[in-house]
Amino acid sequence: MQSKRSMASATATPNRPPAELYIGGAADEASRLVLGYSQARRRSLEPKGWQVRYFPHYRVPEALAFARAMAGESRPLALIGHSWGADGALRVARQLEADVLLIGADPVAKPALPLALWQARPAAARIMVHVDAVAETPDRSDHVKTVGYLTGGGIHRAWRQADHTIPTRLNHWNFSGMMAAKGPDGRSAEDWLASLVAA
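Residues numbered from 1 in each chain as written. Predicted model: local features only at pLDDT ≥ 70, side-chain atom pairs only at ≥ 80, totals over all residues. Heavy atoms only, no water.

Colleague: Any chance you could explain the packing of aromatic side chains here in plain terms?
Modeller: Applying the stated rule across the entire model yields three aromatic pairs. Pairing tyrosine 37 with phenylalanine 175 gives two aromatic rings, centres 5.1 Å apart and planes at 85°, and the pair type is edge-to-face. Of this pair, tyrosine 37 sits in helix α2 (residues 33-45) while phenylalanine 175 sits in helix α8 (residues 175-180), placing them 138 residues apart in sequence. Per residue, the accessibility class of tyrosine 37 equals that of phenylalanine 175, and both read buried. Centre to centre, the rings of phenylalanine 55 and phenylalanine 66 are 6.2 Å apart; their planes meet at 50°, and the pair counts as tilted. With a gap of 11 residues between them, phenylalanine 55 in strand β2 (residues 51-56) and phenylalanine 66 in helix α3 (residues 60-72) connect regions that are remote in the sequence. (Phe/Tyr/Trp six-rings, centres within 6.5 Å; stacked < 30°, edge-to-face > 60°. Helix = DSSP H or I, 4+ residues; strand = E, 2+ residues; numbered from the N terminus. Buried < 20%, exposed > 50% of the residue type's maximum accessible area, 1.4 Å probe, protein only.)

Printed below as a string of structure tokens:
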């Protein structure tokens, strides 16, 4: 596994407001699990100078363009994906040179060539956080996740190499709960986002 490196890029401007890029999973624009969460973050954080954007999982090129623009402004950058959106966040991170905080909320791999599943963590991922949801009482969302696992091959090796894994007993749909869930070290994905201010 790679050594843990500082979130701060060598070229980053100190105290530059961060950017958060959210990528939703299948049907997220209807369920608004990630979209609604990101909109609330945007309303709260953009008055403080942060940049917060949302993209569906099928708009990875646009997400990448936004990420590159934020990196070009030397902003600390976080990529956050849920389900298939975590697959998209990985794809974006693999094409970046800037340091990023990479968060996968219950990631599910999209159907692709088998070798894609075995790629190591992206070089740009200075810190990876994997929120792993194994529902105490499975519901329809967890059955949909299982189908996704079967068609996409499960979970990318990169998420298994995360620096921090946060186990939860939440259902697959509960994105906001996953973001707030505390890991063994007492930190949540939201705590890691807050750490960008000091990056």
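Colleague: In this structure, what is going on with the nonpolar core? I would like to understand it.
Modeller: Leu21, Leu77, Leu79, Val92, Leu96, Leu102 and Met128 are the most contacted members of the largest nonpolar core, which has 27 residues in total. With six residues, the top contributor of residues to this core is α3. Each residue touching valine 92, except ones within four places of it in the same chain, is listed here: Ile23, Val60, Ala63, Leu64, Ala67 and Leu79. In this structure, Leu35, Tyr37, Phe175 and Trp192 belong to the second largest nonpolar core, which totals 26 residues. (Core = buried A, V, L, I, M, F, W, Y, C linked by side-chain atoms within 4.5 Å. Contact = heavy atoms within 4.5 Å.)

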